[in-house]
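Each chain, letter by letter, is given below.
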Amino acid sequence: MTTVSLVTGANRGIGLEVCRQLAAAGHDVVLTARDAEAAATAARSIGATPLRLDVTDPAIVDEAAAAVQDRYGRLDVLINNAAISYDTWQRAITADLAVVREAAETNLYGPWLMVQRFLPLLRASDHPRIVNVSSEAGSLTGMGGGTPAYAASKAALNALTLMLAAELRPERFLVNAVSPGWVATDMGGAGGGAVSDGAASVVWAATLTDDGPTGGFFRDGRPIPW
């Protein structure tokens, strides 16, 4: 039986490369994007199944969960990759809080909603995995000023990861946060590392064996400070 993996925000950048690597490893990949046409075009390029999904819209999330239920009857890997608002132009003391709220809707509440609505499908898996694509910008250990919407929402996503890992540990879930590092994408901009390397960190967490870690924050398969 193949592994069914769903990736949010996957029509480009790290999300698309994660889908590519998982498909190459033999997974049945559900590639999601807010725009149905963008999802279909990207999925066609790597042999994945496209699915329209806006993580901020509960009705669309429910439709997506029903579609996965109908097609597969379960979900083995949920990768919460969708993210917005790398707000390098802002400072916390003058931040536009509307931008902060909008970032939280996608970067925190979106993954939270996805876990809640897809939990029955994940519970139907023998090897459930949840991977929250985070960032070292959300590490409290090294946090400074700047990018307040992005950093605060990723720090909150890290906190959610710890809570989910603790609550789902008795059910043999592995729940981890991963920083892909600074990679050259539309969000990250030019000058970053290879997208394939950043995606490999995510794929590592998605393909952990049953004795793998849970409740951790990782980059390149190694723990990094919260």
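Everything here concerns the structure above.
All figures in this text were calculated on a predicted structure; none of them were measured in a lab.

1. Describing unusual backbone geometry
Positive phi, close to 70°, is recorded for Arg172, a residue that is not glycine. Of note, Arg172 is situated in the loop between helix H5 (148-168) and strand E6 (174-178). In the Ramachandran plot, Asp220 falls in the positive-phi region, its phi being about 55° despite a non-glycine side chain. You can see Asp220 is positioned in the loop between strand E7 (217-219) and strand E8 (222-223). Judged by its relative accessible area of 41%, Asp220 is partly exposed.

2. Side note on the packing of aromatic side chains
For the structure shown, the criterion picks out 3 aromatic pairs. Measuring from centroid to centroid gives 5.0 Å for Tyr86 and Tyr150, while their planes differ by 85°, and the two rings are edge-to-face. Of the two residues, Tyr86 is situated in the loop between strand E4 (77-80) and helix H4 (97-123) and Tyr150 in helix H5; the sequence distance between them amounts to 64 residues. For Tyr86, a relative accessible area of 36% puts it in the partly exposed group. A residue is classified by how much of its surface remains accessible, and Tyr150, at 8% relative accessible area, is buried.

3. Digging into the nonpolar core
Within the largest apolar cluster, 29 residues are counted, with the highest numbers of intra-cluster contacts made by Leu6, Leu75, Met114 and Phe118. Listing elements by their share of this core, those giving two or more residues are strand E1 (4-7), helix H3 (58-71), H4 and H5. In terms of residue count, H4 provides more of this core than any other element does, 8 residues in total. Within the second largest apolar cluster, 25 residues are counted, among which are Val7, Leu16, Cys19 and Val29.

4. Concerning the sheet that holds E1
As summarised here, the arrangement of the 8 strands in space is E3-E2-E1-E4-E5-E6-E7-E8, forming an open sheet in which the pairing is mixed. Sheet topology places strand E3 (49-52) and E8 at the edges, where each strand pairs with a single neighbour. Strand direction decides the pairing type here: E4 and strand E5 (residues 129-133), joined by 4 bridges, are parallel. Bridge assignment links Ile79 to a residue of E5, and that residue is Val131. Docked against the sheet, H5 engages E5, E6 and E7, running at close to 165° with respect to E6.

Quick notes on the rules
- Residues numbered from 1 in each chain as written.
- Predicted model: local features only at pLDDT ≥ 70, side-chain atom pairs only at ≥ 80, totals over all residues.
- Heavy atoms only, no water.
- Helix = DSSP H or I, 4+ residues; strand = E, 2+ residues; numbered from the N terminus.
- Buried < 20%, exposed > 50% of the residue type's maximum accessible area, 1.4 Å probe, protein only.
- Phe/Tyr/Trp six-rings, centres within 6.5 Å; stacked < 30°, edge-to-face > 60°.
- Core = buried A, V, L, I, M, F, W, Y, C linked by side-chain atoms within 4.5 Å.
- Pairing = 2+ DSSP bridges.
- Contact = heavy atoms within 4.5 Å.
- Axes fitted to C-alpha atoms, helices over the stretch in contact; angles between N-to-C directions.

Scope: geometric values only; no functional claims are made or implied.
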